[in-house]
Amino acid sequence: MAKEKSIYTCSECGGSNPKWLGKCPHCGAWNTLVESVAEGVSKHRFQPLAKTLPVLTLSEIEASDVDRQPTGIDELDRVLGGGIVAGGVVLIGGDPGIGKSTLLLQALDELSQRMKALYVTGEESGAQVALRSRRLGLDGSKVRVLAEIQLERILATIDAEQPAVCVIDSIQTVYSEQLTSAPGSVAQVRECAAQLTRTAKSSGTSIVLVGHVTKEGALAGPRVLEHIVDTVLYFEGDTHSSFRLVRAIKNRFGAVNEIGVFAMTEKGLKGVANPSAIFLSTHGDPVPGSCVLVTLEGTRPLLVEIQALVDSGGPSPRRLSVGIDRDRLAMMLAVLHRHAGIAAFDQDVFVNAVGGVRISEPAADLAVMLAIQGSLRGRPLPRGFFAFGEVGLAGEVRPAPRGQERLKEAAKLGFSIALVPKANAPRRPIEGLTIHAVDRIEEAVSLARGL
């Protein structure tokens, strides 16, 4: 009997190589080549996406806005850009037990009241899905359920049922008979996702794929999976906390970097109307080392509390941050020392964004610096104080995008004192808000000390 031929496939880009290498020759990633069985060529493996159309000039092509179907869950619709698009493919990933299946079952139940919805489960039996729906209070649900992991049978069911929305839970359990490798392998995940995407585009069925994540937090399988689908969502949050975040990483039909905030309850996931309350600690009195930041997550201004702790560190001080880039923290400490005269080179510095939110925009610089200087001095900022603004290496305070919306959101939540870049100062006063506009970081630190 002939020995099966092996091939090594990269889990990052999906490229293949006849022998194992430490570095992928296609994308340059290290230690990503995984051994699998080489697949033979199948005659009917690929089906045409649509019949061939003549070549047209871009200006001659008729185009209209895509129709969306709201899921009935406002926070999920916000992340999707308004709802599910016909023929769109959504990939949602997250840690085990974080609530992916719960949220999708709730969304399918809402959609099934208006259209046909199919739930394909490869990890649970139909009875287990029914038990979960009873626990969520979805007693009269019209969702159709199929417990199957073979791709060909799933595609045949979609063709027979003609659902408007179909959920595959999860893509790592599905396998195709065209391939001999095991379910969850790079080849199977890539092939099954490609076939399901072709089915969605040709039939108009919206397909939602549930994906597992690796221990590093990335979606398991080849990175090319994210390029195949239309929308990529990440489910974030601590399983010990009741709050969850759904973040859009890619969206061909809407804005990226939108987030949806949910609270886990006995009846499933509920949208949070005022997410700023999650990211603000409830102190009886103002405490040193705390500063409120108005950050943007997509189109939504959020108020987040930045906490800093500066303590004597000895000869090898540490710089640790949660929710904020550590390299940017080191840069801010250098700017504070050079331009504001605040030295922390012999101190341990810990910075945390309350509530588990990750802040990537540079507009957080000013709030982080004020929190650090407040902890170092041991004096709190006044109640109702907030700040935002980017700080450059020369010590200048640069404006943040959509500053007026940030100011109005903070004023609406009862904040009364703002320290902002001069370019973000409003032309007309905002009721109940005292605004201090600054150009330099030393000016900002001096103002904060006098408040």
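Structure: above.
Residue numbers restart at each chain and count upward from 1, following the sequence in its written direction. Residues qualify for local features only when their pLDDT is at least 70, as the model is predicted, and side-chain atom pairs are given and counted only at 80 or more; totals for whole chains, interfaces and linings, by contrast, use all residues. Excluded from the side-chain calculation are hydrogens and water; included are all heavy atoms of the structure.

1. Considerations on the pattern of salt bridges
Then step 1. Here, a salt bridge means any Lys or Arg side-chain nitrogen found within 4 Å of an Asp or Glu carboxyl oxygen. In the structure shown here, the tally under the stated rule is 19 salt bridges.
Then step 2. Across the pair D230 and K201 runs a salt bridge whose closest N-O atoms are separated by 2.5 Å. One end of the pair, D230, is in the loop between α6 (224–228) and β11 (231–236); the other, K201, is in helix α5 (residues 186–203), with 29 residues separating them in the sequence.
Then step 3. A relative accessible area of 37% places K201 in the partly exposed class.
Then step 4. In this structure, the salt-bridge partner of R398 is E390, at a minimum N-O distance of 3.7 Å.
Then step 5. One network of salt bridges, in which partners are shared, links R328, D365, E390, E396 and R398. Segments assigned H or I by DSSP are reported as helices when at least four residues long, segments assigned E as strands when at least two residues long, and all are numbered from the N terminus. Burial status follows relative accessibility: with a 1.4 Å probe on protein chains alone, a residue under 20% of its type maximum counts as buried, one over 50% as exposed, and anything between as partly exposed.

2. Focus: the environment of S181
Then step 1. Here S181 lies in the loop between β9 (165–169) and α5.
Then step 2. S181 gets classed as buried once you look at its relative accessible area, which sits at 10%.
Then step 3. Between the C-alpha atoms of S181 and S316, which are 135 residues apart in sequence, the distance is 50 Å.
Then step 4. Under this definition, polar contacts are N or O atom pairs within 3.5 Å; protein pairs additionally need one hydrogen-donor-capable and one acceptor-capable atom, and for neighbouring residues in sequence, both atoms have to be side-chain atoms. A distance of 3.2 Å separates polar atoms of two side chains, one belonging to S181 and the other to S185.

3. Quick notes on a nonpolar patch on the surface
Then step 1. Together, L56, L58 and I61 give the surface a local cluster of nonpolar side chains, amounting to about 330 Å² of exposed area.
Then step 2. Within the secondary structure layout, I61 lies in the loop between β3 (33–37) and β4 (68–69).
Then step 3. You can call I61 partly exposed: its relative accessible area is 44%. By definition, no residue in a patch forms a salt bridge, and every one has over 30% relative accessible area; like charges are joined within 9 Å, nonpolar side chains (Val, Leu, Ile, Met, Phe, Trp, Tyr) within 5 Å. Using a 1.4 Å probe, the Shrake-Rupley method yields the accessible areas, and only the shown protein chains count as cover for residues.

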